[in-house]
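What follows is the residue order along each chain.
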Amino acid sequence: MKEIELITKAQDWLATQGIDFAVNVVAFLVILFLGFFAIKILLRIVRKLLDKSKRVNDTLRRFILNVTSKVLWVLLLMVALPRLGIDIAPLVAGLGVTGFIVGFAFQESLGNLAAGLMLILNQPFKSGDFIEAGGHMGTVEEINMMATTMNSPDNKKIVIPNRNIWGSSIVNFTAHDTRRVDMTVGIGYGEDIGKARGLIEGILQADERVLKEPAPVIEIIEMADSSVNFAVRPWTKTKDYWNVFFHINRTVKETFDREGVEIPFPQVDVHHHGMMPPSES
């Protein structure tokens, strides 16, 4: 009897609502079908716009396309599901509450995501740059939406959350093609300043890696306790910075030794004025 009742109810339902249900299913499928092609067209347009922008790199482009695709599909389902008699109002409300809870729980991750977006948009550095940021120094290997990976000078892999980088000062040592090499060279107080300056100038002129423009600076910067200090500031290409730095320091020492120019070291003069005579007992 129960089977007969179920069959009868099914027949009644098909007779009264079957046609409407079939029409709604067809409408649902048509909406999904048309929406699928509409989303593809919109994503193609967004991709072309992003490709034309010079401020959008591959990481940001993939992120924008991924988010846009998901948002469009959610909107499409919100339009299509009511055709099947599904009330999406409670679902939307539930998503709002869930979104608030998830946002609170993952606020640090969202902070890294926002910082990553700012880094990619502003581009204070790129892969291959040597930077100091977030308390670390190294060559940038990868920038994604959550963290930045660097390789330290002693070959250690460093992964820094983006919020730590964006929230601190960023020093990009390779942002420009040229850099100034800052050095200090000290000579004794009894040495000839003109001679020492001429020797340093000759060393800089002999090095082809030292740029003629801007012209190097060789001037006295300090009267120290044990020495007269020159500020030696030549310019060179960024890629030659350390080679020039090491070479000039070594050559200055060798040249000064050969020419008899004293490079002093810290010392203290003790003046002895005699001892008190022994007391008579």
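Reading the values: the criteria
Residues numbered from 1 in each chain as written. Predicted model: local features only at pLDDT ≥ 70, side-chain atom pairs only at ≥ 80, totals over all residues. Heavy atoms only, no water. 1 Å grid on protein atoms, 1.4 Å probe; cavity = no way out; pocket = protein on both sides within 12 Å on 5 of 7 lines; lining within 4 Å. Points joined across faces, edges and corners; volume = space filled by probe spheres on them. Helix = DSSP H or I, 4+ residues; strand = E, 2+ residues; numbered from the N terminus. Nonpolar A, V, L, I, M, F, W, Y, C, P; charged D, E, K, R; others polar. Polar contact = N/O pair within 3.5 Å; in protein donor to acceptor, adjacent residues only side chain to side chain. Contact = heavy atoms within 4.5 Å. Patch = residues over 30% accessible without salt bridge, like charges linked within 9 Å, V, L, I, M, F, W, Y side chains within 5 Å. Areas by Shrake-Rupley, 256 points an atom, 1.4 Å probe, with all protein chains shown as cover. Salt bridge = Lys/Arg side-chain N within 4 Å of Asp/Glu carboxyl O. Lys, Arg positive; Asp, Glu negative; His and termini not counted. Charge placed at Lys NZ, Arg CZ, Asp CG, Glu CD. Buried < 20%, exposed > 50% of the residue type's maximum accessible area, 1.4 Å probe, protein only. Expected span 1.5 Å × (residues − 1). Arc of directions from axis to C-beta. Pairing = 2+ DSSP bridges. Axes fitted to C-alpha atoms, helices over the stretch in contact; angles between N-to-C directions.

Draft legend 1. Region of interest: the layout of surface pockets. For the largest pocket, the calculated volume is near 190 Å³. If you trace the largest pocket, you find it lined by Phe130, Met137, Phe173, Thr174, Arg179, Thr238, Lys239, Tyr241, Trp242 and Asn243. Considering each element in turn, the lining of the largest pocket owes the most residues, three residues, to helix 7 (residues 241–259). Within the lining of the largest pocket, the residues separate by chemical class into five nonpolar, three polar and two charged. Size it by volume and the second largest pocket reaches roughly 160 Å³. Lining the second largest pocket are Arg197, Glu201, Leu204, Gln205, Val210, Leu211, Lys212, Pro216 and Ile218. Of all the elements, helix 6 (residues 193–206) adds the most residues to the lining of the second largest pocket, at four residues. The class makeup of the residues in the lining of the second largest pocket is five nonpolar, one polar and three charged.

Draft legend 2. Spatial organisation of the side chain of threonine 148. In this structure, threonine 148 sits in strand 3 (residues 147–151). At 2.9 Å, the side chain of threonine 148 forms a polar contact with the side chain of asparagine 162. With sequence-adjacent residues up to four places away left out, threonine 148 is seen in contact with Leu119, Phe125, Val140, Glu142, Ile143, Ile158, Val159, Ile160, Asn162 and Ile165.

Draft legend 3. Representation of a positive patch on the surface in the model. On the surface, a cluster of positive charge is made up of Lys40, Arg44, Arg47, Lys48 and Lys52. Structurally, lysine 40 can be placed in helix 1 (residues 2–52). Overall, lysine 40 belongs to the partly exposed group, its relative accessible area being 41%.

Draft legend 4. Focus on helix 7. Over its 19 residues, helix 7 runs 27 Å from end to end, which matches the ideal 27 Å to within 8%, given 1.5 Å per residue. Those residues of helix 7 that sit buried are Tyr241, Val244, Ile248, Thr251, Val252, Thr255 and Phe256. Looking down the long axis of helix 7, one finds its buried residues gathered within 125° of arc, a one-sided arrangement. The secondary structure elements touched by the buried residues of helix 7 are strand 6 (178–180), strand 7 (183–187), helix 6 and strand 10 (235–237). Where helix 7 terminates, the next one or two residues include glycine 260, which has phi positive at roughly 75°.

Draft legend 5. Up close: the pairing of strand 4 (residues 157–161). On strand 4, burial follows the alternation: Ile158 and Ile160 on one face are buried, whereas Lys157, Val159 and Pro161 on the facing-out side are not. The turn linking strand 3 back onto strand 4 is made up of five residues, and asparagine 155 within it adopts a positive phi angle of 65°.

Draft legend 6. Region of the structure containing the sheet that holds strand 3. Taken together, the five strands give an open sheet; going across it, the order is 4-3-2-1-5, and neighbouring strands pair in antiparallel fashion. The open sheet has two edge strands, strand 4 and strand 5 (171–172), and neither has a second partner. Pairing of strand 3 with strand 4 involves five bridges; the strand directions are antiparallel. Directly across from asparagine 151, in strand 4, lies its bridge partner lysine 157.

Draft legend 7. Layout of the sheet that holds strand 9 (residues 228–233). The strand order across the open sheet formed by three strands is 7-9-8, and the pairing between neighbours is antiparallel. At either end of the open sheet lies a strand with only one pairing partner, and these are strand 7 and strand 8 (217–223). The mean angle between the axes of side-by-side strands here comes to 30°, regardless of whether they run parallel or antiparallel.

Draft legend 8. Quick look at the environment of valine 23. With respect to the element layout, valine 23 can be found in helix 1. The class for valine 23 is partly exposed, based on a relative accessible area of 47%. The sequence separation of valine 23 and leucine 84 amounts to 61 residues, and the corresponding C-alpha distance is 9.6 Å.

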